[in-house]
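Descriptive analysis of the structure
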Amino acid sequence: MERILRKCRIQNQLVRECLAECLGVYILILFGCGSVAQVTTTRNQKGEYLSINLGFALGVTLGVYVSRGVSGAHLNPAVSLSLCALGRHSWFKLPFYIFFQLLGAFLAAATVALQYYGDGGELTVSGPNATAGIFCTFPDEYLSLLGGFIDQVIGTAALLLCILALGDSGQGSIPEGVQPVLVGAVVMVIGVSMGSNSGYALNPARDFGPRLFTYIAGWGVDVFTAGGGWWWVPLVAPCVGALLGTLVYELMIEVHHDPGLKHRRPVRSNDKQLSNCFWKYKINLILSSQMSFLLFWHLKPQQDHIFQL
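What comes next is a walk through the structure.

Thresholds, definitions, all that
- Residues numbered from 1 in each chain as written.
- Predicted model: local features only at pLDDT ≥ 70, side-chain atom pairs only at ≥ 80, totals over all residues.
- Heavy atoms only, no water.
- Helix = DSSP H or I, 4+ residues; strand = E, 2+ residues; numbered from the N terminus.
- Buried < 20%, exposed > 50% of the residue type's maximum accessible area, 1.4 Å probe, protein only.
- Contact = heavy atoms within 4.5 Å.
- Areas by Shrake-Rupley, 256 points an atom, 1.4 Å probe, with all protein chains shown as cover.
- Salt bridge = Lys/Arg side-chain N within 4 Å of Asp/Glu carboxyl O.
- Patch = residues over 30% accessible without salt bridge, like charges linked within 9 Å, V, L, I, M, F, W, Y side chains within 5 Å.
- Axes fitted to C-alpha atoms, helices over the stretch in contact; angles between N-to-C directions.
- Left-handed = near helix turned anticlockwise from the far one by under 90°.
- Nonpolar A, V, L, I, M, F, W, Y, C, P; charged D, E, K, R; others polar.

**A word on the overall build of the chain**
- Along the chain, the regular secondary structure elements total 12 helices and zero strands.
- Mapped in sequence order, the helices and strands of the chain form the string α-α-α-α-α-α-α-α-α-α-α-α.
- For the chain, the proportion of its 309 residues judged to be buried stands at 52%.
- Of the contacts made within the chain by residues no fewer than 6 positions apart, 83% connect residues no fewer than 24 positions apart.
- Split by element, the accessible area of the chain, about 13,100 Å² in all, is 65% carbon and sulfur.

Given below as structure tokens:
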């Protein structure tokens, strides 16, 4: 058996990294959107808002554990973009990472739909029985596109600030095995404090991959037109917020560290010391997960968003 498995080993490093990103995002969305689906299809009888937050937070944590040793666990195009801007990730690899992050989210959404779809279920985007919100985010009725854009930028910037701090060796070392748990905690606190406006996607792959699935699977073009054409906001705003949060942290904190206490050379995904450098990348994963689990806002009991598949 071991000999057969060795023959299946992929020699290309980039392909291995992309597969790790795909699987990490898959785990994140599987548990995150799965927790939303369980709550909404049972009309809050088997779960509630807190369980959805926990689903996404733990999904992020486990997604990091799955992929960190191979790809650095970006799990978020906005994070990958920020790392490229910092010179800690290859620009050449960026489009490959993004594609496989989207693929992982798409496949996870399909898996959740396969688990929870029932005969006679309504594939609607709005209304009391809407189900599209299980997979992707939509703004609350009072939120304008500009307000939603600002909301996503601020949330993603805050996320990056916290993640960069956790990975900053100049702030003191954190045991490697504990770091994924702390990343999940960051996602959790963002969900309970900033999730009311639009579900806080904060991750282009987490939102667009499942949205594309819903479009293909029968929800139709409404998933792109609903919310005043909201679909592009979770794509663009998280990238802007990630770059902004990274810039603020670098200028206000990291650049002022004693150079002798900080290891600042660029980190490569195939570096032999990747396990020690991983938390320079963890900011990537965080963005993706928090975006996912915040979509539950549309399912909260206070609104008429109890969905059925």
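**Some points on the pattern of salt bridges**
- All told, the structure shown has four salt bridges when counted by the stated rule.
- Linking Arg88 and Glu250 is a salt bridge whose minimum nitrogen-to-oxygen distance equals 3.4 Å. Of the two residues, Arg88 sits in the loop between α4 (77-85) and α5 (94-116) while Glu250 sits in helix α10 (residues 233-252), which places them 162 residues apart along the sequence. The pair formed by Arg88 and Glu250 is uniform in burial state, with each residue classed as buried.
- A salt bridge links Arg88 to Glu254; its shortest N-O distance comes to 3.1 Å.

**Regarding a nonpolar patch on the surface**
- Among the surface-exposed residues, Leu244, Leu247, Val248, Leu251, Met252 and Ile253 lie close enough to one another that they form a single nonpolar patch of about 530 Å² accessible area.
- Position of Leu251 among the secondary structure elements: in helix α10.

**Considering the packing of helix α2 (residues 13-41) against α5**
- Close contact between α2 and α5 brings their axes to 7 Å; oriented N to C, the two are set at 35°. Considering only the axes of α2 and α5, their crossing is right-handed.
- Partitioned by chemical class, the residues of the contact of α2 with α5 number 20 nonpolar, seven polar and two charged.

**Regarding unusual backbone geometry**
- Unusually for a residue other than glycine, Tyr200 sits at a positive phi of about 45°.
- By relative accessible area, which is 1% here, Tyr200 ends up buried.
- Despite not being glycine, Leu202 shows a phi value in the positive range, around 60°.
- Summarising the element assignment, Leu202 is placed in the loop between α7 (179-194) and α8 (204-219).
- Judged by its relative accessible area of 0%, Leu202 falls in the buried class.

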